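Chains, contacts and geometry: an overview
Here are the chains, one letter per residue:
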Amino acid sequence: MKFSRLIILALAALALGACGGKDEGQSAPAAADAAADEITVSDAELAGNPFLEEWDTPFGVPPFSRIEDGHYMPAIKKGILEMRAEIDAIVDNPEAPTFENTIIAMETAGELLTRVARTFGNITGTETNDELRALESQIYPMLTRENNAINFNEALYERVKAVYDQRESLGLGEQEARLLELVHRGFVRSGASLPPDVKEQVAAINEEMSALTTKFSQNLLLETKAFTLELKTDEEVAGLSDDFKAAIWNEDKQAWVVGLNRSSYETFMVQSENRELREKLFNAYRLRATSGERDNGPLAIKVAQLRAKRAELMGYDSHAHYILEYNMARTPQGAEDFLLRVWRPGLAQAKQERADMQEMMGDVTFEGHDWWHYAEKLRKQRYDLDENATKPYFALENVRDGAFTMATKLFGITFDEADVEGWNPVVVSFDVKDENGEHLGLFMTDMYARDSKRGGAWMSTYRATSNINGERIRPLVTNNLNLPKPPEGEPTLMRFSEVETLFHEFGHGLHGIMTQMDYPTFSGVDGPRDYTEFPAQILEHWTSEPEMLELYARHYETGEVIPQELVERLLLARNHNQGFATTEYVAASLLDLRWHMLSSEEAAAITDARAFEKSVLEGYGLIPEIEPRYRSNYFAHIFSSSTGYSSGYYAYLWSEILDADGFDAFKQAENIWDPEIAGRLKKWVYEAGGLMEADELYRRFRGQDPSIEPLLEGRGFATEESPDT
């Protein structure tokens, strides 16, 4: 139901530092006996509150300049009270349960609360402050308890079950049948049929977890923002490019300042000739939230323990078994077996990369903080490819316009810049229209890092799509990156990996914008984690295609298309350092699985997060020079929200099976714009939301099950290994 999805979205907005979207119909079980808060809110508290007004803004965007921090809590309370009344009306309806008076009524409940919570969840990710952080600690547990009361409302569940039990005789359309299936599934997976005493235990677990995951997220943000390197001498900035130095110059401090934002971190680690400073930044990044009052280790342990206990109460072997039940991998063993097929060749290649860089360094012992820098040196040596030579061809505006052109050529949609107030002056918005000129949605972009914004890159929505009872509502979709902002008047030049990230998040954005589903429960970005990355990742393949590069890779000063010989070197170097990239990612994925494959008894025995992490990674043979992409203390994907990517961080790689196999269809057609294939991709992926189970949607697009071979080939790995190994 919409409200369950709303709570997950709001909580997940705290944490999903890589990508956004909805948890896939597996809302965390919640409170048992409708023991929601006693809530009152006066007319005086609501006076002048913009959330209670009709928004006559362009496209119905929130009136950002009028919304104050103090408006959120009263509006949340009002929204909860309205939603309670709507749920009570459903339960107290004297008529027999029907699809309309129960399922549709639930789907449309909570309109005000949805509006407020979506805005709050987005703003706390991009414009946070001390007051908003304090509100998070109050609002999210409150929303969790409210979700609890609904999920365990026995009378409500009985009405849903009554409709579900007669589903075969209702004559429902395809979308209506799917909605009924998902609403019923959500109740069952939330524990609606559990005994009362077990519901109470689950409720207590869920409420405690809400507070813990919020604290984890806040600790990480504060730790990330707390560290900076101030560089004042030529020796300290040796090797740094002029555009990077311009982006990190701090006029007040009269110094170049580097923090732990991932984009700045990677650029410094690649470019800096100062080994001592690279080591200092490396350690600051990997040791975030590992000590003192913001140590996230105990929080990670407790969250894992609570998840394991909850899974046990729900009748599952582990949290991973619960989460993966409806994922494409199906079981933890299925996910682990898949990861190990890629881990083995990736780790072998990483060891060879380490040996090559050690040879380059001579007698100096190669260490983890050397990897980025010497990998770049090796790339220059082998491929005569300097990142600084390619960046002038990847100006942000050109890259963005290239993504738009790609979408137009594939799907017939267009983008016109719109004069819309954003949450920050850097926000640029676009009116997206279909091939007939009809409005599809508003696309709002926020590309730059700042202290008030969490790290990473993600897609989110301020408003979802719906088309119920003739009221057509189109989405408000956002894309967020964290590029260093250049000085006024200077271009934003991107590394090629950042270009791929922009296309990736754009893919999520299209999944949200293009949806033709009528019901918010499964419109837009919907499905299991190991599927929802597919619509994002497949678009990354276009970035390096010569026909695509001609469209967007133009020198920011001369307009010259990137030279063919530079493109050839770029393509030759595509798999450079792939051993490292694969190993650090799969290490994090395996760590996630191992945290969540623990039984309740096993989880209770964990007392030291680092010791557990070290044991797991050494058991898989991780070499000491490579850190997992995320260590437990800053693994926001899995520990910063109720569910997030827990047991599902492997999804990016699983989705790579789909995107590699899917793009292979275009390559086999020898036309990256093939209209027939693009038409199927549009219909069965970008427009279809969660209309069917993910594997069936993929088969409708591709005409076959995916093969792992294009993934392995794309990473430069051998494909002889059999599925059993």
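In this text the structure is predicted, and so the values were computed from the model without any measurement.

**Concerning the overall build of the chain**
Looking only at helices and strands, one finds 31 helices and ten strands in the chain. Against the 2.2 N^0.38 benchmark of 27 Å for 725 residues, the chain shows a C-alpha radius of gyration of 25 Å, consistent with a compact globule. Seen through its principal axes, the chain has C-alpha atoms that stretch 80 × 60 × 60 Å. Every one of the 725 residues in the chain was classed for burial, and the buried ones make up 62%. Counting only contacts in the chain whose residues sit at least 6 apart along the sequence, the fraction spanning at least 24 positions is 78%. A total of about 26,800 Å² of accessible surface is found on the chain, and carbon and sulfur atoms cover 46% of it.

**Focus on the nonpolar core**
Note that soluble globular proteins tend to have their nonpolar side chains buried in a common cluster. Phe394 and Trp542 are the most contacted members of the largest nonpolar core, which has 220 residues in total. In terms of residue count, helix α15 (residues 332–361) provides more of this core than any other element does, ten residues in total. Trp542 has contacts with Met406, Leu410, Met548, Phe663, Phe666, Ile672 and Trp673, leaving out every residue within four places of it along the chain.

**Quick look at the pattern of salt bridges**
Scanning all chains against the criterion turns up 52 salt bridges. For Lys377, the salt bridge identified is with Glu273, shortest N-O distance 3.9 Å. Taken together, the residues Lys377 in helix α16 (residues 371–383) and Glu273 in the loop between α11 (262–271) and α12 (275–286) connect sequence positions 104 residues apart. As a salt-bridge pair, Lys667 and Glu545 come within 3.1 Å of each other at their nearest N and O atoms. A residue pair is termed long-range when its members are at least 10 positions apart, and Lys667 in helix α28 (residues 651–668) and Glu545 in the loop between α21 (534–540) and α22 (546–552) qualify at 122 residues. Because the salt bridges share partners, they merge into one network encompassing Arg330, Asp695, Glu696, Arg699, Arg700 and Asp705.

**Thoughts on helix α18 (residues 396–411)**
A rise of 1.5 Å per residue sets the reference length of α18, with its 16 residues, at 22 Å; its end C-alpha atoms lie 22 Å apart and thus fit the reference within 8%. Of all the residues in α18, the buried ones are Leu396, Val399, Arg400, Gly402, Ala403, Phe404, Met406, Ala407, Leu410 and Phe411. A positive phi of about 80 degrees marks Gly412, the residue just after α18.

**Considerations on the side chain of His555**
Along the chain, His555 turns up in the loop between α22 and α23 (564–572). For His555, the side chain forms a polar contact with the main-chain nitrogen of Glu557, separated by 3.0 Å.

**Section: the sheet that holds strand β7 (residues 458–463)**
Spatially, β4-β5-β6-β10-β7 is the arrangement adopted by the five strands of the open sheet, whose pairing is mixed. A single partner strand is all that each edge strand has here, and the edge strands are β4 (414–418) and β7. Averaged over all adjacent pairs, the angle separating strand axes in this sheet is 30 degrees, with direction ignored. Alignment of β7 against strand β10 (residues 476–483), held across five bridges, turns out to be antiparallel. Residue pairing across strands places Thr461 opposite Val477, the latter belonging to β10. Docked against the sheet, helix α5 (residues 111–126) engages β6 (439–448), β7 and β10, running at close to 145 degrees with respect to β7. Together, β4, β5 (428–433), β6, β7 and β10 form the strand contacts of helix α19 (residues 496–513), whose direction differs from that of β10 by roughly 170 degrees.

**Digging into unusual backbone geometry**
Unlike most non-glycine residues, Arg330 shows phi in positive territory, near 75 degrees. Tracing the chain through its elements places Arg330 in the loop between α14 (319–324) and α15. The class for Arg330 is partly exposed, based on a relative accessible area of 36%. The backbone of Glu670 shows a phi angle near 55 degrees, a positive value even though the residue is not glycine. Inspection of the secondary structure puts Glu670 in the loop between α28 and α29 (675–686). Glu670 gets classed as exposed once you look at its relative accessible area, which sits at 74%.

**Focus on the packing of α15 against helix α24 (residues 578–596)**
Packing of α15 against α24 leaves a shortest axis separation of 8 Å and a crossing angle of 150 degrees. α24 is crossed by α15, and the crossing has left-handed handedness. Across the interface between the two elements, Pro332, Ala335, Glu336, Leu339, Leu340, Val342, Trp343, Gly346, Leu347, Gln349, Ala350 and Glu353 from α15 touch Gln578, Gly579, Phe580, Thr582, Thr583, Val586, Ala587, Ser589, Leu590, Leu593 and Arg594 from α24. Looking at the contact of α15 with α24 residue by residue, the class counts come to 13 nonpolar, seven polar and three charged.

**Re helix α7 (residues 154–165)**
Taking 1.5 Å per residue as the helical rise, α7 with its twelve residues ought to reach 16 Å, and the 16 Å between its terminal C-alpha atoms agrees with that figure. Among the residues of α7, those classed as buried are Leu156, Tyr157, Arg159, Val160, Val163 and Tyr164. For α7, the angular spread of buried residues about the axis comes to 160 degrees, placing them on one side. Of the surrounding secondary structure, the elements contacted by the buried residues of α7 are α3 (69–91), α4 (99–107), α6 (130–151) and α8 (174–189).

**Brief notes about a negative patch on the surface**
A cluster of acidic residues, Glu54, Glu82, Glu86, Glu111 and Glu471, forms a negative patch on the protein surface. By the element assignment, Glu111 lies in helix α5. Since its relative accessible area comes to 58%, Glu111 is described here as exposed.

**Quick notes on the pairing of β5**
Where β4 lies against β5, five bridges are found, and the strand directions are antiparallel. Residue pairing across strands places Asp416 opposite Asp431, the latter belonging to β5. Relative to β6, β5 is paired through six bridges, and the arrangement is antiparallel. Note on β6: the bridge partner recorded for Asp431 is Leu442. Connecting β5 to the antiparallel partner β6 that follows it, the hairpin turn spans five residues, and Gly437 within it adopts a positive phi of roughly 80 degrees.

**Brief notes about the confidence of the model for the chain**
Of the residues in the chain, 94% reach a pLDDT of 70 or more, and the chain-wide mean stands at 92. Confidence drops under pLDDT 50 across residues 1–18; counting only partners more than four residues distant or on other chains, this segment forms 81 contacts. Predicted confidence for residues 720–725 stays below pLDDT 50, and this span has seven contacts to residues more than four positions away or in other chains.

**Here's the deal with the sheet that holds strand β2 (residues 249–250)**
What the three strands build is an open sheet, ordered β1-β3-β2; its pairing is antiparallel. A strand with exactly one partner marks an edge of an open sheet, and here the two such strands are β1 (229–231) and β2. In the sheet, β2 pairs with strand β3 (residues 255–258) via two bridges, with the strands oriented antiparallel. Looking across to β3, one finds that Trp249 is bridged to Trp256.

**Examining the environment of Gln175**
Mapped onto the fold, Gln175 is located in helix α8. Here Gln175 falls in the buried class, since its relative accessible area comes to 15%. Once the C-alpha coordinates of Gln175 and Asp518 are considered, the two residues, 343 residues apart in sequence, prove to be 7.5 Å apart. If we ignore the near neighbours within four places in the chain, the residues touching Gln175 are Gln516, Met517, Asp518, Tyr519, Phe522 and Leu691.

**A look at the environment of Ser65**
Assignment of secondary structure puts Ser65 in the loop between α2 (43–46) and α3. Expressed as a C-alpha distance, the spacing of Ser65 and Leu222, which sit 157 residues apart in the sequence, is 25 Å. Engagement of the side chain of Ser65 in a polar contact is seen with the side chain of Glu421, the distance being 2.8 Å.

Reading the values: rules and limits
Residues numbered from 1 in each chain as written. Predicted model: local features only at pLDDT ≥ 70, side-chain atom pairs only at ≥ 80, totals over all residues. Heavy atoms only, no water. Helix = DSSP H or I, 4+ residues; strand = E, 2+ residues; numbered from the N terminus. Rg over C-alpha atoms; globule rule 2.2 N^0.38 Å. Buried < 20%, exposed > 50% of the residue type's maximum accessible area, 1.4 Å probe, protein only. Contact = heavy atoms within 4.5 Å. Areas by Shrake-Rupley, 256 points an atom, 1.4 Å probe, with all protein chains shown as cover. Core = buried A, V, L, I, M, F, W, Y, C linked by side-chain atoms within 4.5 Å. Salt bridge = Lys/Arg side-chain N within 4 Å of Asp/Glu carboxyl O. Expected span 1.5 Å × (residues − 1). Polar contact = N/O pair within 3.5 Å; in protein donor to acceptor, adjacent residues only side chain to side chain. Pairing = 2+ DSSP bridges. Axes fitted to C-alpha atoms, helices over the stretch in contact; angles between N-to-C directions. Left-handed = near helix turned anticlockwise from the far one by under 90°. Nonpolar A, V, L, I, M, F, W, Y, C, P; charged D, E, K, R; others polar. Arc of directions from axis to C-beta. Patch = residues over 30% accessible without salt bridge, like charges linked within 9 Å, V, L, I, M, F, W, Y side chains within 5 Å. Lys, Arg positive; Asp, Glu negative; His and termini not counted. Charge placed at Lys NZ, Arg CZ, Asp CG, Glu CD. pLDDT = per-residue confidence, 0-100.

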